[in-house]
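Residues per chain, in single letters:
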Amino acid sequence: MSESTDNLTERDGPAVGVAPVDTGKGDTIGGHAAVGAVLPARSWRGAAEPQVAPQGDRTGAPAPRPALPGAPVLLAQALAPGLGYALLRRPLRGAVTFALFALLTLVAYWQFPKDATNRGQAWIAFGAIMGVVWLNLLYRTANDLRVAAIITNERDLDAVALHRLLRSQQQGLLRWLFSLNLLVVALLVFGINRLAVDAEVDLLLFTKSSSLHAAKKLVIGLFHPKWSIWREIVQRYAWVSLEMAALGTVGGALLAAPFSFLAARNLMGRHPATRPVYYVMRFFFSCVRAIPTLIWGLIAISFVLGHFPGVIALSIFSFGLLTKLYSEAIEAIDWGQIEAVTAAGANPLQVILFAVVPQVVPYFISSTLYSLEVNVHSAVVLGLIGAGGLGLVINEYIGAFAWSAVSIVLIITIVMTLTIDYGSAYIRSKVV
Amino acid sequence: MVTPSGSVQLSARGLSKRFPNGTQALYDVSVDIYAGEFLVIIGTSGAGKSTFLRSINGLVRPSGGSITYQGLELCTAKGVALRRARRQMGMIFQQFNLVKRMSVLQNVLVGRLGYQSGWRTLVPLFRQRDVDLALDALERVGIADKAYVRADSLSGGQQQRVAIARALAQQPSLMLADEPVASLDPETSITVLDDLRRINREQGITTIVNLHQLDFAREYADRVIGFKQGRLVFDGRPDELDRDVYERVYR
C-alpha cells in the first residue's frame, strides 16, 4: 500500500503543479466533502505512514493536520457493523449495514448443514464467510476515512486533479475486489443458493454418463428434423392450433367488447349508481385473468373432449385479457368529443356509437391482434392436456423419445408463432 | 342596462354551482337572455363563464337556482326532455371537439343525432334529409368541399367551422360558444367570429359567446355580461366597456 502511495505522489506531482490553486472543490465533491468536514483531517493510518501530499513545498508552510478519530470509528465498526457509519453521521447507511449484516448472519447460519458429522466444517465455513465480510466492511470504512482525509488535506487541488488522485488509490484487481460490498455480494449468493436449493437444481446431472448419452441423442435428433412428416403436422396439428387460437380470440373479443364499457372508469366511475359496477367488474376480470389458460382448459376438458374445451379456455382467458385492454383504451379517450356529441342531444347509446367507438376501434383491433398472438402460444400448450393441436403431437413424440419428429414440430411451431407475431405487430403498427 | 329588443328566451335565477372538490364556480347568478341577441360573457379564467354556459345545456348540473328555457326548467330536466332541449342548442368548444377519426360530414351529422327516432337511434344511418341539412350547413361556413375528408386532417380554423356547421345542423334556436377562438390565431379568430355573428343576424339564432378578449367583445357583442369569481359583476352595452369595467371584471 505504501508503494502505491509513492506512485501516487510522483504521478500527481505535475498535475498538482498545473492546477489552479484556489477552487471551490468543497462544493464539487459534495458528499465526500461533507464527510471531510465532519472529520478533522489526518491520515487514518497513523503517524508511521509517509506523507501523502507535500503541501509544504507549495505553500511554504506545513499544512495544519489535526487529529482524525479514525481508530474509534474503525473500532465501533468492528464491534457493531454500521455503528462506525453512525459515528460518521451517516445513520441511515449505518442502520442498513447493521440490518444487512444481521440478515446475512441469519441466512448464512441457516444454510449450513447442521447434521452431526460435519458440524465442525460447517462452523468453520460460516465463520470464514462472516470473517471475510467483516474484514471487507472494515476495509471499506478505512477507505472512506482515507478518502475523507485526502479531500480535507488536498484543499488546493482542483476537481479534476482530486478525482485523478482518488482514482489512483483504487487501482489493482485485488484492491478492487475487496472494495466491493461483499456484504451485498454474500447476501445475493446465499439468496440464489436458496432459490437453487428450493428449485432442486442438480448440476451434477450433466456429468452422469447416462444423462450425457440421452442428451447426445436429443441433440442429434433435434439437428436432424424428420422433414418427411412436415405436411402432415401442418395439416393435422398446426392448423388445428391456429383455428383454436383464432376462434378463442373471436369468442373472447365478442364477450369483452360489451363488458369493457362496464369496466371503464371514465364511463362508470362518474355516477354513484354506476361506480360499484365498475369496481365489481374490475375485480371479477382480475380473477378471470388470474387463472391460467391451462387451468381453464383442464376445467373445460372435464366436461367435453376434443378441441372445443381448448377454444373455451382460450375464449375465457382472452375475455379477461381483452376486457382489461379494451377498457384501458376507453379510459384514454378524449372526453371533449363525448361532451360535444352529448350537447347535440344524443342519447347515451348514440354517444357511445359516435364519440367512444370511433376513438377506441384502432386500439380494439390492436389489442385483439395481441390477444391472438398470446392465444397461438397458449393453443400449443393446451394440446398437452388433450385439446389437440401441436401440443398433443409434441407430447406424444417426446414420450416416444422421437427427437427428429419433435424437431420438425418445434420448427413448425416457431415458424407459425413468429409469422403470427410479426404479422400482427406489423398490422398493429399500421392501425394505431 | 340594455333595453331588450326581443322577448326573454332564457332566464337564470339564483344560479349557483359548487363542484365536489369545493370550488364555488357560480354564486347566485340571475340573468335574462333575450331572443336574437349576441351576448358576450367576459371574465378571467375560472371566473365561472364556462360553468354558466355548460349549465344551460346540462353538461354541468347546477347545485342551486333555476334556468328556464321556453317554459322548461333545465336544471332538473332529464332524459328525453333534456335531450330535446339540447338539440335546440348548438355548442361550440375551444378545442373544437370533433370526432377526429370520422369524416367532416359524419361530424356534422352528429348534429342530427338528437332528431333520430325509433330504430335509427341504434345505428349510424341517417335520412337523406339529414345529409342534405348537414351539407347545407357546411356550405354556409364555406367548407362543403371538405365534406369527405377526415376531421383531424383540417386546420384549427377549418375544424372550428366544422364545429359551427355541426351546431347549425341542429337547427338551433340558441348557440353556445365556449371560448371558440382561444385556440386560434387572430386572423382565423375574426373569420370564426364573423361566421357566428352572420348566422346570428341572418337566422336570428340567439348566441352566447365566452371570450376573454375585450376587443372582440366590443366589436361583436350586442350586450356584454362580466363574471368575476362566480358572480355577475357587469351587464351592459359593449360601448360601456371602459377602464372602470375592466377593473371590476379583471382585477
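Quick caveat, the model's predicted, so the values are computed rather than measured. Note that residues are indexed from 1 along each chain, following the sequence as it is written. Lettering for chains starts from A, numbering for ligands starts from 1, and both go in the order in which the items are written. pLDDT decides what is reported in this predicted model: residues at 70 or higher carry local features, side-chain atom pairs at 80 or more are listed and counted, and totals for whole chains, interfaces and linings draw on all residues regardless.

Visitor: Provide a residue-level description of unusual backbone geometry, including the pertinent values.
Guide: Residue and element names in this part refer to chain A. The backbone of R89 shows a phi angle near 60°, a positive value even though the residue is not glycine. Backbone geometry places F401, a non-glycine residue, at a positive phi of 55°. Runs of H or I in DSSP of at least four residues are treated as helices and runs of E of at least two as strands, each being numbered from the N terminus. Following the sequence through the fold, F401 ends up in the loop between α20 (390-399) and α21 (403-431).

Visitor: How would you summarise the sheet that holds strand β10 (residues 231-236) of chain B if you had to cite specific residues and measurements?
Guide: Residue and element names in this part refer to chain B. Ordered by their spatial adjacency, six strands build an open sheet running β6-β7-β8-β3-β9-β10, and the pairing between neighbours is mixed. Each having just a single partner strand, β6 (89-92) and β10 make up the two edges of the open sheet. For this sheet, the mean inter-axis angle between neighbouring strands, taken without regard to orientation, is 15°. Pairing between two strands is assigned when DSSP locates at least 2 bridges connecting them. As defined by bridge partners, strand β3 (residues 38-42) adjoins strand β9 (residues 223-228) across four bridges and the pair is classed as parallel. Fitted lines through C-alpha atoms give the axes, limited to the stretch in contact for helices. The angle between two N-to-C directions lies from 0 to 180 degrees.

Visitor: Summarise the interface of chain A and chain B; cite the residues concerned and give the values.
Guide: Any pair of residues counts as being in contact when their C-beta atoms, constructed from backbone geometry, are within 7 Å of one another. Contacts between chain A and chain B engage 18 residues on the former and 22 residues on the latter. Going through the elements one at a time, α18 (335-343) and α19 (348-382) of chain A are the ones with two or more residues in the side of chain A that touches chain B. Classes in brief: Ala, Val, Leu, Ile, Met, Phe, Trp, Tyr, Cys and Pro nonpolar; Asp, Glu, Lys and Arg charged; the others, Gly included, polar. Class assignment for the residues of the side of chain A that touches chain B results in ten nonpolar, seven polar and one charged.

Visitor: Could you give an account of the sheet that holds strand β5 (residues 72-73) of chain B, naming the residues involved and the relevant values?
Guide: All names here are of chain B. The strand order across the open sheet built from four strands is β2-β1-β4-β5, with neighbouring strands paired in antiparallel fashion. Sheet topology places β2 (24-34) and β5 at the edges, where each strand pairs with a single neighbour. Bridging between strand β4 (residues 64-69) and β5 involves two bridges; their strand directions are antiparallel. Residue pairing across strands places T68 opposite E73, the latter belonging to β5.

Visitor: Report on the pairing of β2(B), specifying residues and quantitative values.
Guide: Residue and element names in this part refer to chain B. Where strand β1 (residues 8-18) and β2 come together, seven bridges link them in antiparallel fashion. Bridging from a neighbouring strand, L15 pairs with V29 of β2. What sits between the antiparallel neighbours β1 and β2 is a turn of five residues, in which G22 has the positive phi angle 100°.

Visitor: Give me the environment of A163(B): which residues, what numbers.
Guide: Residues and elements named next belong to chain B. Within the secondary structure, A163 is located in helix α5 (residues 156-169). Its 28 C-beta neighbours within 10 Å are what place A163 among the buried residues. The contact partners of A163, leaving out residues within four places of it in the chain, are I92, F93, F96, N97 and L98. Counting other C-beta atoms within 10 Å of a residue's own tells you its class, since 20 or more makes it buried, 12 or fewer makes it exposed, and anything in between is partly exposed; those C-beta atoms are placed from the backbone.

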